[in-house]
Amino acid sequence: MSRKSKMKSARARTAWVGLPLVTSASVALAQQAPPAANTLEEITVTATRREETLQSVPLAVQAITNERIEALHIQNFNDYAKFLPSVSFQTAGPGYARVLIRGISADHDPNHSGPQPTVGTYLDDQPITTIQGAIDLHLYDIARIEALAGPQGTLYGASSESGTVRIITNKPDPSAFQAAYDVQGSYMAHGGPGGTVEGFVNMPLSDRAAVRLVGWDEHTSGFIDNVPATRTYAVGGTINNSTLAKKHYNDVDVYGGRAALRVDMNDSWTITPVLMAQETKTTGVFGFDPAVGDLQVKRFHPDSTDDHFVDAALTIEGKVSDFDITYTGAFLKRQNNTQSDYSDYTLAYQTYASYAQLWVGPNNARIDPSQEILGKDRFEKVSQELRFATPKQYPIRAVGGVFYQRQQHQIERSYVIAGLDPLYSIKGWKDTWWLTEQMRVDRDYAAFAELSYDILPNLTVTGGFRQFKYDNTLAGFTGLAAGNPIAGTVGENGCISPVGIYGGPCLSFDKASKDTGNTHKLNVTYRLDDSKLVYATWSTGFRPGGINRAGNLPPYQADFLTNVELGWKMTFANAFRINAAVFHEDWKDFQFGFRGANNLTRIANAGAAQVWGIESDLSWSVTPRVLLTSGLTVMNPTLKDNYCGRLNPDGSPMTSNPCKNPNGSTSAPLAPQGQQLPSTSKVKANVTARYTFPVGTSEGHVLAAALYQSAQWDDLRTAQRTALGQQPGYATVDLTMGADRGNFSMDLFVTNLFDKRGEIFRYSQCSSCGPIATYIVPIQPRVVGLRFGQKF
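What you see is a predicted model; the values in this text were computed from it and never measured.

## A few points about the overall build of the chain
In step 1: The helix and strand tally for the chain stands at six helices and 41 strands.
In step 2: The C-alpha atoms of the chain give 27 Å as radius of gyration, which agrees with the globular expectation for 792 residues (28 Å, within 12%).
In step 3: The dimensions of the chain, computed from C-alpha atoms along their principal axes, are 85 × 60 × 50 Å.
In step 4: Counting every position in the chain, which comprises 792 residues, the buried fraction comes to 59%.
In step 5: Restricting to contacts in the chain with at least 6 residues of sequence separation, those with at least 24 account for 71%.
In step 6: Total accessible area on the chain is roughly 29,600 Å²; 58% of this is exposed by carbon and sulfur atoms.
In step 7: Here the chain carries 71 positive and 74 negative side-chain charges, and the mean point of each set is 1 Å from the other.

In structure tokens:
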């Protein structure tokens, strides 16, 4: 239901009435009056780059509408990912999510020098996936979220290898004035108070132009305690964290805004420029150390991030004859400053005599050997796409176009030991014993087309093709000072040019990787009637290759995913809807990122994996006032072959006796055939229901959501995953009750009702040397909140 229709149907209400709490769940706001019959909401999507109903699109698409976003109190990526059964993710904190779909995951380490993501994230028609992952947008005034499962390699291309997530904003509307605000206060268990203020206004400037302004400011309480502690090193004495110890110290502040202008130049052409900016500030870390205590850590240096971006986009839509023409261009600039305690690494290496030498300052004075990392990331991304679409009523329909993007990432990591002897410091970098100062540039070019032909009125065949080219470079410095006793040829002793970049002491590597290729799609759809269809799809996706900065390691090659699925979409009496798909995915020469010598990230094409699975999405309007929904994914993501870590000279995986040693003996595989892929669950499900009811002249609603996901691991390799430990499965429940009166609404809500410690991610600072401390990133503890809103 639109905001405008809600406002009109609510004007007769005159009083607030208290509401009883009952168990329910919802994916939409309560209706102001019951419908005459059981009906399901018709959802419009643009997954195929055309505006179509969800039930008419022969793809595995899950959509969360504006009403669901508001009802489920979705404000960020973590909030909506839990309601998408095919989606999982890794994250160490806000802004660092690595999105996964249908179990396609191999690497535990989403490092700045690692592979590109396997899932593309789009804001409207603009890709916002940066090299380290997608931007974590605050969600307000959003039309819907679309999750496209399976390779989208023809219409969406690189980094949409296993799927695509699209965030669709509400556009300026010249037909009417609209405005709203929402104020929310909350209290987090094991933490403190939080709150959000949000608002938007849609102002017509004429009958052909409008502007839409959106703003938000959110504070989220911390829930992890940095407890008072001391740490004693074999050399360097004992240190303490008395100045940093603090309860629930990992708080988050997010504020930003979006401005969009729409101008209808005439009846055929429209331009829409959009400007958006957001800043996210965090302190502390978001993983706790179970060896210290529940939701507790011992940190000896400050931890903080300041992540801000500005995004400018332009969309031009029009017609040439009967053809729809769309141009989208965007420029994204993101800057991220970080400070991290890295003293676990010191603890891991303190017994090595060569490292202990570093902890002697000038004049043989002992210094505090604990480390911190000072980081800077500077992203810039330019993307442009021009496409056409034929009319939907043509028996032969086509969508096609050209695409270009260039993304660069300036990466700086300064590993600092205060008081370090200048002999061991990087030239020009005081107290820095290790420095990374590099520039990565990834370029993508593509031409694509999809053609659909109605063989019969109810039988359609669609074919798709995308020709791509990537051209990636990585240059800069990484390593140690020349005087460092463990330097070897890593760093200043391995320079290939005396001229560095961005203040680096020299150039220690300058590498490139480029290639061309193509992806394909074939779909056959049979429509039983206007509300039922079945389809079969064969599709492929890809992820560009890239560069290993370490030593003489060869580049890693592009990897490819082949998907075969059989799906169906059925609606009965417009009251019961079931969408489902059975799929098999074959992942060839997948890129595997891991920490090698000196804890440097390395990437190799590791062999093959496969995923068998089934996913479903069900909605049932039981009565005009009761709606039940559910989502389910069951899959088995596994290695097809033993992974032994051996490569051919060209960097490809060794397939002939890969575990055979040069002396003829055979080693146990690092990961055996049949091993479950990391960071993904075999089962993920949610069940929701909604009940609405009149109370006097008000309309009440109660809702709840129950969610479950099974156990998962956080590394592909057996030894490393065993050291980190398995993430157990967990279930959570969210509840809401509220009412609408006139233009006003109020909700009382609880998330994670039973305060479960569900685990999102596990990591260690030094996986190559054995974990000194394993950090567990949990879901948020229980939050109780009250939200008040008004619409105009």
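Resuming the write-up.
## Focus: the sheet that holds strand β10 (residues 142–149)
In step 1: Taken in spatial order, the five strands make up an open sheet running β3-β10-β11-β6-β7, and their pairing is mixed. Two strands close off the open sheet at either side, each with one partner strand: β3 (61–65) and β7 (126–127).
In step 2: Here strand β6 (residues 119–123) runs beside strand β11 (residues 163–169); their pairing, made up of five bridges, is parallel. When the sheet's bridge partners are listed, Thr 121 is paired in β11 with Val 165.

## Examining the side chain of Arg 413
In step 1: When you line up the elements, Arg 413 lands in strand β24 (residues 396–416).
In step 2: A polar contact is formed between the side chain of Arg 413 and the side chain of Asp 377, at a distance of 3.0 Å.

## Re the pattern of salt bridges
In step 1: The final tally for this structure, using the stated rule, is 36 salt bridges.
In step 2: One salt bridge connects Asp 377 with Arg 413, and the closest N-O pair in it is separated by 3.0 Å. Of this pair, Asp 377 sits in strand β23 (residues 372–389) while Arg 413 sits in strand β24, and the two are 36 residues apart along the sequence.
In step 3: Asp 377 gets classed as buried once you look at its relative accessible area, which sits at 2%.
In step 4: What makes Arg 413 buried here is its relative accessible area of 11%.
In step 5: Taking the shortest distance from any N to any O, the salt bridge between Arg 625 and Glu 699 comes out at 2.5 Å. Taken together, the positions of Arg 625 in the loop between β33 (608–623) and β34 (626–639) and Glu 699 in strand β36 (residues 698–709) put the pair 74 residues apart, joining distant regions of the chain.

## Some remarks on the nonpolar core
In step 1: Ile 64, Ile 74, Tyr 80, Leu 137 and Leu 139 are the most contacted members of the largest nonpolar core, which totals 61 residues.
In step 2: Element by element, the count of residues in this core is highest for β10, at four residues.
In step 3: In this structure, Leu 148, Tyr 156, Val 399 and Phe 542 belong to the second largest nonpolar core, which totals 21 residues.

## Observations concerning the environment of Thr 220
In step 1: Its place among the elements puts Thr 220 in strand β14 (residues 209–220).
In step 2: On the basis of relative accessibility, which here comes to 16%, the residue Thr 220 falls in the buried class.
In step 3: Those residues within four positions of Thr 220 in sequence are excluded, and the remaining contacts are Met 188, Asp 251, Val 252 and Gln 780.
In step 4: For Thr 220, the side chain forms a polar contact with the side chain of Glu 218, separated by 3.4 Å.

## Section: the pairing of strand β18 (residues 252–264)
In step 1: Sheet analysis places β14 next to β18, joined by twelve bridges and oriented antiparallel. Counterpart to Ala 210 in the pairing with β18 is Arg 262.
In step 2: Bridge count for β18 against strand β19 (residues 270–283) is eleven bridges, and the pairing is antiparallel. For Asp 253, the partnering residue across the bridge sits in β19 and is Lys 281.
In step 3: Linking β18 to β19, which pair antiparallel, is a turn of five residues.

## Examining the packing of aromatic side chains
In step 1: Summed over the entire model, instances satisfying the criterion amount to 22 aromatic pairs.
In step 2: Counting every residue linked through ring pairs, the aromatic cluster contains Tyr 342, Tyr 345, Tyr 415, Trp 433 and Trp 434.
In step 3: Positioned over the ring face of Phe 583 is Arg 102, at 4.1 Å from the centre of the ring.
In step 4: Over the face of the ring belonging to Tyr 445 we find Lys 469, whose NZ or CZ atom lies 5.6 Å from the ring centre.

## Topic: the pairing of strand β12 (residues 178–188)
In step 1: Two strands pair when backbone bridges link them, and β12 and strand β13 (residues 193–206) are joined in this way by ten bridges, in the antiparallel orientation. Residue pairing across strands places Tyr 187 opposite Pro 193, the latter belonging to β13.
In step 2: Once β12 ends, the chain turns through four residues before running back antiparallel as β13, passing His 190 with a positive phi of about 65°.
In step 3: The pairing of β12 with strand β41 (residues 783–791) spans nine bridges and is antiparallel. In the strand pairing of β41, Gln 184 is matched with Arg 787.

## Some details on the state of the cysteines
In step 1: Within the structure shown, the criterion is met by one disulfide.
In step 2: Disulfide pairing is shown between Cys 495 and Cys 506; the S-S distance is 1.7 Å. The S-S bond linking Cys 495 to Cys 506 shows a torsion near -45°; that makes this disulfide left-handed. Of this pair, Cys 495 sits in the loop between β26 (459–480) and β27 (509–529) while Cys 506 is found in the loop between β26 and β27, placing the two residues eleven residues apart along the sequence.
In step 3: Accessibility expressed as a relative area gives 31% for Cys 495, which makes it partly exposed.
In step 4: When its relative accessible area of 3% is taken as the criterion, Cys 506 is described as buried.

## Describing unusual backbone geometry
In step 1: Even without glycine at this site, Asp 141 takes up a positive phi of about 55°.
In step 2: The topology assignment puts Asp 141 in the loop between β9 (133–134) and β10.

## Section: the environment of Tyr 80
In step 1: Mapped onto the secondary structure, Tyr 80 falls in helix α3 (residues 77–81).
In step 2: Between the C-alpha atoms of Tyr 80 and Thr 326, which are 246 residues apart in sequence, the distance is 29 Å.
In step 3: If we ignore the near neighbours within four places in the chain, the residues touching Tyr 80 are Ile 64, Ile 74, Leu 139, Ile 145, Val 165 and Ile 167.

## Some remarks on the environment of Thr 623
In step 1: Looking at the element boundaries, Thr 623 is found in strand β33.
In step 2: For Thr 623, a relative accessible area of 31% puts it in the partly exposed group.
In step 3: It is 42 Å that separates the C-alpha atoms of Thr 623 and Gly 133, two residues lying 490 residues apart in sequence.
In step 4: Looking at Thr 623, its side chain comes within polar contact range of the main-chain nitrogen of Val 626, at 3.1 Å.

## Section: the side chain of Gln 410
In step 1: Summarising the element assignment, Gln 410 is placed in strand β24.
In step 2: When near neighbours in sequence (up to four residues on either side) are disregarded, Gln 410 contacts Lys 376, Asp 377, Arg 378, Glu 437, Gln 438, Met 439 and Tyr 502.

About the cut-offs
Residues numbered from 1 in each chain as written. Predicted model: local features only at pLDDT ≥ 70, side-chain atom pairs only at ≥ 80, totals over all residues. Heavy atoms only, no water. Helix = DSSP H or I, 4+ residues; strand = E, 2+ residues; numbered from the N terminus. Rg over C-alpha atoms; globule rule 2.2 N^0.38 Å. Buried < 20%, exposed > 50% of the residue type's maximum accessible area, 1.4 Å probe, protein only. Contact = heavy atoms within 4.5 Å. Areas by Shrake-Rupley, 256 points an atom, 1.4 Å probe, with all protein chains shown as cover. Lys, Arg positive; Asp, Glu negative; His and termini not counted. Charge placed at Lys NZ, Arg CZ, Asp CG, Glu CD. Pairing = 2+ DSSP bridges. Polar contact = N/O pair within 3.5 Å; in protein donor to acceptor, adjacent residues only side chain to side chain. Salt bridge = Lys/Arg side-chain N within 4 Å of Asp/Glu carboxyl O. Core = buried A, V, L, I, M, F, W, Y, C linked by side-chain atoms within 4.5 Å. Phe/Tyr/Trp six-rings, centres within 6.5 Å; stacked < 30°, edge-to-face > 60°. Lys NZ or Arg CZ within 6 Å of the ring centre and 35° of its normal. Disulfide = S-S within 2.5 Å.

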